[in-house]
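# Breakdown of the fold
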Amino acid sequence: GVLQRAPAAALRRLRDLAVVRRGLDAAAIEARLADRTAARQARDFARSDAIRDELLALGVAIMDGPEGTTWKVVG
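Summarised in this report is the structure supplied together with it. If you're wondering where the values come from, they're calculated on a predicted model, not measured in any experiment. (Residues numbered from 1 in each chain as written. Predicted model: local features only at pLDDT ≥ 70, side-chain atom pairs only at ≥ 80, totals over all residues. Heavy atoms only, no water.)

## Concerning the pairing of strand S1 (residues 60–65)
With six bridges joining them, S1 and strand S2 (residues 68–73) adopt antiparallel strand pairing. Following the sheet pairing, Met63 is matched in S2 by Thr70. The antiparallel pairing of S1 with S2 creates a hairpin that spans two residues between the two strands. (Pairing = 2+ DSSP bridges. Helix = DSSP H or I, 4+ residues; strand = E, 2+ residues; numbered from the N terminus.)

## Some thoughts on the packing of helix H2 (residues 26–41) against helix H3 (residues 45–57)
In the contact formed by H2 and H3, the axes pass within 8 Å of each other and the chain directions differ by 160 degrees. Here H2 is positioned roughly antiparallel relative to H3, judged by the angle of their axes. As H2 packs across H3, the resulting crossing turns out to be left-handed. Listed contacts from H3 to Ile29, Arg32, Leu33, Asp35, Arg36, Ala39 and Arg40 of H2 are Phe45, Arg47, Ser48, Ile51, Arg52, Glu54 and Leu55. Considering only residue class, the contact of H2 with H3 consists of six nonpolar, one polar and seven charged. (Axes fitted to C-alpha atoms, helices over the stretch in contact; angles between N-to-C directions. Parallel < 35°, antiparallel > 145°, perpendicular 65-115°, else oblique. Left-handed = near helix turned anticlockwise from the far one by under 90°. Contact = heavy atoms within 4.5 Å. Nonpolar A, V, L, I, M, F, W, Y, C, P; charged D, E, K, R; others polar.)

## Some details on the side chain of Arg36
When you line up the elements, Arg36 lands in helix H2. Judged by its relative accessible area of 3%, Arg36 is buried. Setting aside chain neighbours within four positions, we find Arg36 in contact with Ser48, Ile51, Arg52, Ile62, Asp64 and Thr69. (Buried < 20%, exposed > 50% of the residue type's maximum accessible area, 1.4 Å probe, protein only.)

## What about the side chain of Ser48?
Within the secondary structure layout, Ser48 lies in helix H3. Residues contacting Ser48, with those up to four places away along its chain left out, are Arg36, Ala39 and Arg40.

See the structure below:
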């Protein structure tokens, strides 16, 4: 299974399993990330940070990189 997939696909699959296990809604997480991106573009960093904190409280860590924002389930 896992080792027969491309690394990025395998990691997404593991994240999807963690989402189900924790009872999270991936679509809602993606929507909040879109809100955070909009806040960052508007230079509303307080709102951006609040969304990051909200997601972290749910067990979702976000990582910003040169190719955009990714997320993972933690804890």
